[in-house]
Amino acid sequence: MQQDEIELRAFEPDHIEGAVALSRQENWPHRSQDWQMALQLSSGVVALDGHGQVTGTILVTPYGVDCAMINMVIVDRNVRGKGLGRRLMEQAFALAEDRPLRLVATVDGMPLYQKLGFVPSGTILQHQGSVAKLGAPDGVEAAGTTDLPEIKALDRDAYGADREALIDALAERGQFAVISRNGAIEAYAAIRPFGRGEVIGPVIAGSADEAKALIGYFAASRPGAFLRVDTGSVTGIAGWLEEIGLVHVGGGVAMDRPPKTVAEQARSKIYALANQALG
């Protein structure tokens, strides 16, 4: 199939079924509900072949004006090596406007991302499995809706960007746990349904012990449940996750792309005009 036979269009809810099929091709666990949440928080582009089948996807999740996360980047195996990945990334740059960009790269995607100006910033480890029976940790409690403003402020300080929309989406679907001292929330974690079971994250904590306590709070009420936790390699909790039954199954490389140069911003306007025609 030639590249000129592939049409790029704005990602709409009626593309989710095709996106799920494409992600299953990659053995990703995402359900339609997981794609729906991602699309709720994002703008994106799909690639369609001559039969209207989804052959590529990309989403851009803005965190206020602070930065944007590029995610759900998939190109059908049958059309790889023909420049579609780059075309999708160019559209993502337009959607992100002049925000600094972040993503988590697979080994296959690394060469393209490096050519496009992304630089490694860390390693992400994916752990999952049937969690062991644990005792409930001390000092952790369930959070309520009245705690959300404080959770959002803590998250922004820790992450360096405004993820208010993400936290609202997590509150709609899942639960929060917090550690408080002297009446102030100092650490939090969230859990929600995902893939084969549930995923714990974000986890915002000041120490490895706090992170373990937050994860342990959710795990203790779910003995034998299938859980997933993604963590940075520097957090120091990977060994403990293995001990409680969440084995290391993969991961990726966190990458950042600094704010655009003036020349890139000018090219972005061209891509933005092209993107207006996608819908």
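A few words on the packing of helix α1 (residues 16–25) against helix α2 (residues 32–40). In contact at an axis separation of 9 Å, α1 and α2 are set at 115° when each is read in the N-to-C sense. As α1 packs across α2, the resulting crossing turns out to be right-handed. In this structure, α1 contributes Ile 16, Ala 19, Val 20 and Ser 23 to the contact, and α2 contributes Ser 32, Trp 35, Gln 36 and Leu 39. Tallied by class, the residues present in the contact of α1 with α2 amount to five nonpolar, three polar and no charged.

With that out of the way, let us pick up unusual backbone geometry. A cis amide bond, omega 0°, links Gly 201 with the succeeding residue Pro 202. Counting through the fold element by element, Pro 202 comes out in strand β10 (residues 197–204). The residue Asn 27 is not glycine, and still its phi comes out positive at about 65°. Given a relative accessible area of 68%, Asn 27 falls into the exposed group. Non-glycine residue Asn 182 carries a positive phi angle of around 55°. Positionally, Asn 182 belongs in the loop between β8 (175–181) and β9 (184–194).

Before going further, it helps to spend a moment on the packing of helix α5 (residues 148–159) against helix α6 (residues 164–173). Where α5 meets α6, the closest approach of the two axes is 10 Å, and the angle between their N-to-C directions is 135°. On the basis of their axis angle, the class for α5 and α6 is oblique. Crossing geometry of α5 relative to α6 is assigned as right-handed. In this structure, α5 contributes Leu 148, Ile 151, Lys 152 and Asp 155 to the contact, and α6 contributes Glu 164, Ile 167, Asp 168 and Ala 171. Classifying every residue of the contact of α5 with α6 by side-chain character gives four nonpolar, no polar and four charged.

Rules used in this analysis
- Residues numbered from 1 in each chain as written.
- Predicted model: local features only at pLDDT ≥ 70, side-chain atom pairs only at ≥ 80, totals over all residues.
- Heavy atoms only, no water.
- Axes fitted to C-alpha atoms, helices over the stretch in contact; angles between N-to-C directions.
- Helix = DSSP H or I, 4+ residues; strand = E, 2+ residues; numbered from the N terminus.
- Left-handed = near helix turned anticlockwise from the far one by under 90°.
- Contact = heavy atoms within 4.5 Å.
- Nonpolar A, V, L, I, M, F, W, Y, C, P; charged D, E, K, R; others polar.
- Buried < 20%, exposed > 50% of the residue type's maximum accessible area, 1.4 Å probe, protein only.
- Parallel < 35°, antiparallel > 145°, perpendicular 65-115°, else oblique.

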